[in-house]
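Overview (structure and organization)
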Amino acid sequence: ERYDPDRILIEPSGIGRLNDVVKACLRAKQSGKLDLKVTKLITIVDLSCFEDDLEGLGLMYQEQIQRARLLLVSHTEELSKEEKARLIGRLREENPWAVIYEEDFRLLGRSGLLALLSMIPDYEEEPEGVTSDYIMASGPKRKFKF
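Residues numbered from 1 in each chain as written. Predicted model: local features only at pLDDT ≥ 70, side-chain atom pairs only at ≥ 80, totals over all residues. Heavy atoms only, no water.

1. Considerations on the nonpolar core
Judged by nonpolar contacts, the single largest core of 15 residues is most densely connected at V45, L47, F50, I65, L71 and L91. If you list the elements that add at least two residues to this core, you get helix 2 (50-57), helix 3 (59-67), strand 2 (70-74) and helix 4 (81-94). By residue number, the principal contributor to this core is helix 4, which donates three residues. If sequence neighbours within four positions are ignored, L71 has contacts with T43, V45, I65, L91, N95, A98, V99, I100 and Y101. Formed by eight residues, the second largest nonpolar core is a distinct cluster that contains Y101, L108, L116 and L117. (Core = buried A, V, L, I, M, F, W, Y, C linked by side-chain atoms within 4.5 Å. Buried < 20%, exposed > 50% of the residue type's maximum accessible area, 1.4 Å probe, protein only. Helix = DSSP H or I, 4+ residues; strand = E, 2+ residues; numbered from the N terminus. Contact = heavy atoms within 4.5 Å.)

Okay, here's the thing in structure tokens:
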């Protein structure tokens, strides 16, 4: 209320439940005290420790990956081409409808990131009652390089 920012970025650091973050934002919006809109659900995956994190952090981390509409990967330089492809495949198994940027997002420039963001719908603009089956059926698996 005091600062009236244009955007708020919430990063739950792998241990927060994305669903709970979205619910908290929607409750704040419904209270009428804040004019806000939930837009992009993005998860950043450190590919070099993805499987260890998935095992160690469990459902919270898995939910972040499954609910995201954009998956950005990092720390790919440590992986062989084959290992990277295998891990990207695992990400696709967890979330087959997300846009996955397969190169290290830290090397992605501003215009590339903005282009990626424009390719995914805002959370609140998805059709009412949308389900993962709907998204999987309507969204092709896509690869993007910038």
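2. Observations concerning the packing of aromatic side chains
Tallying each qualifying case throughout the model produces one aromatic pair. Geometrically, the ring pair formed by F50 and Y61 is tilted, given 6.5 Å between the ring centres and 55° between the ring planes. Here F50, found in helix 2, pairs with Y61, found in helix 3; they are eleven residues apart in sequence, far enough to count as distant. Of the two residues, F50 and Y61, both sit in the buried class. (Phe/Tyr/Trp six-rings, centres within 6.5 Å; stacked < 30°, edge-to-face > 60°.)

3. Notes on the environment of M119
Along the chain, M119 turns up in the loop between helix 5 (110-118) and helix 6 (132-138). Residues M119 and V99, 20 residues apart in the sequence, show an inter-C-alpha distance of 8.2 Å.

These results come straight from atomic positions and should not be treated as a statement about function.
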